[in-house]
Structures are given as C-alpha cells and as structure tokens.
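# Chain and residue survey
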Amino acid sequence: MMYRLFIRSFLASCLMFVLSGCVSHDEKPKPPGPTTLSKVYPGDIGKVDQIILLDGSTGGREYVQDKQEIRAFLDRIKDEVLSPDPNQEDRVGFIYGITLQEKEETKLAFTLNSIQGIYYQDNPGFREVVRGLFEKAFNKKFGY
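Tallied over the entire structure, the rule returns 6 aromatic pairs. Look at Phe134 and Phe142: their rings are 5.7 Å apart centre to centre, the planes differ by 85°, and that puts the pair in the edge-to-face class. Overall, Phe134 belongs to the buried group, its relative accessible area being 0%. Taken together, a centroid distance of 5.9 Å and an interplanar angle of 70° make the contact between Phe138 and Phe142 edge-to-face. For the residue pair Phe138 and Phe142, the accessibility class agrees, reading buried in each case.

Laid out in structure tokens, this is it:
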C-alpha cells in the first residue's frame with residue numbers, strides 16, 4: 001500500500017515537472033533602437049511609385065500616384081527618427097494606414113505608430129506630414 005502511494009506521488013511529481021517545461025512564455029523580442037523609414041524600407045525608397053492611404057476611421061482608401069507628390073512626401077518623412085515605444089503590448093485600430101508600392105507590389109505597409117510589428121512613440125514631425133497628405137487626399141480634416 002505504501003509502495004503504491006509512493007509510486008503515485010512520484011509519477012505525479014514527474015508529470016508536473018514535465019508539464020511545467022511546456023509552458024509558453026509569449027514574450028515579444030526587445031524592440032530595436034531608433035530607426036527611420038529609409039532604414040526599414042526594403043530597397044530604395046526612391047523607387048516608390050504609388051502610395052495607398054487608408055483612413056482607419058472610415059475604411060476609405062485613396063491612391064497617390066503623382067511622382068512629385070510622392071517624392072515630396074517621402075523626402076519629408078524618410079529620415080525622421082522613430083523611437084521604439086517601451087510598451088510593446090498589442091494595440092487595436094489606427095487612423096492613418098500607409099502602403100508604399102513599387103510597380104503595384106507592396107514593399108512596406110505601416111501606421112503612424114507601428115512598422116513591421118514594432119510600436120513607435122509619437123513623432124510630431126512625422127505625424128504632421130502624414131496628416132497633411134491624408135487631409136489633401138481625402139479632402140477633410142483629421143483630428144490627430
């Protein structure tokens with residue numbers, strides 16, 4: 001009887017030990033240091049020939065194809081320093097969604113505070129240039 005109790009206790013302990021090793025620790029990797037749009041863009045950002053703007057509040061979509069307008073926009077934001085947000089917890093929703101394309105191929109899609117799964121702190125210069133493009137394209141005022 002005592003032997004059976006010992007075996008059961010031993011097996012239960014082994015099972016608990018094995019199961020504790022199977023626990024998932026869904027920790028996000030530590031975000032990289034400050035960056036710019038030029039650095040995260042895969043390739044030459046100067047080759048962008050279309051920008052798709054997505055209004056996150058309405059789902060509206062506008063296309064920017066004028067090469068001068070694209071160049072002016074990218075020249076103003078591509079070297080703005082973006083600092084990772086210490087809080088990398090997932091978020092929901094966005095106001096400004098931007099997709100950069102080359103020959104109808106999506107090269108980079110991002111929002112004001114998220115690029116490639118990394119969240120960034122607010123950069124007022126970056127935000128104001130993006131807001132200006134959205135207000136022109138959608139012909140309406142955006143609050144943030």
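This is not the end of the story, as more comes after the structure.
On to the pattern of salt bridges, then. With the rule as written, the count across this model stands at 8 salt bridges. Of the charged contacts, one joins Lys78 and Asp75 as a salt bridge, the two residues approaching to 3.5 Å between their closest N and O atoms. In this structure Lys78 comes out as partly exposed when scored by relative accessible area, which is 23%. Here Glu128 makes a salt bridge to Arg131, at a shortest N to O gap of 2.4 Å. Of this pair, Glu128 and Arg131 both sit in helix H4 (residues 124–138), separated by 3 residues, roughly a single helical turn. Through salt bridges with shared partners, a single network forms among Asp122, Arg127, Glu128 and Arg131.

Parameters at a glance
- Residues numbered from 1 in each chain as written.
- Predicted model: local features only at pLDDT ≥ 70, side-chain atom pairs only at ≥ 80, totals over all residues.
- Heavy atoms only, no water.
- Phe/Tyr/Trp six-rings, centres within 6.5 Å; stacked < 30°, edge-to-face > 60°.
- Buried < 20%, exposed > 50% of the residue type's maximum accessible area, 1.4 Å probe, protein only.
- Salt bridge = Lys/Arg side-chain N within 4 Å of Asp/Glu carboxyl O.
- Helix = DSSP H or I, 4+ residues; strand = E, 2+ residues; numbered from the N terminus.

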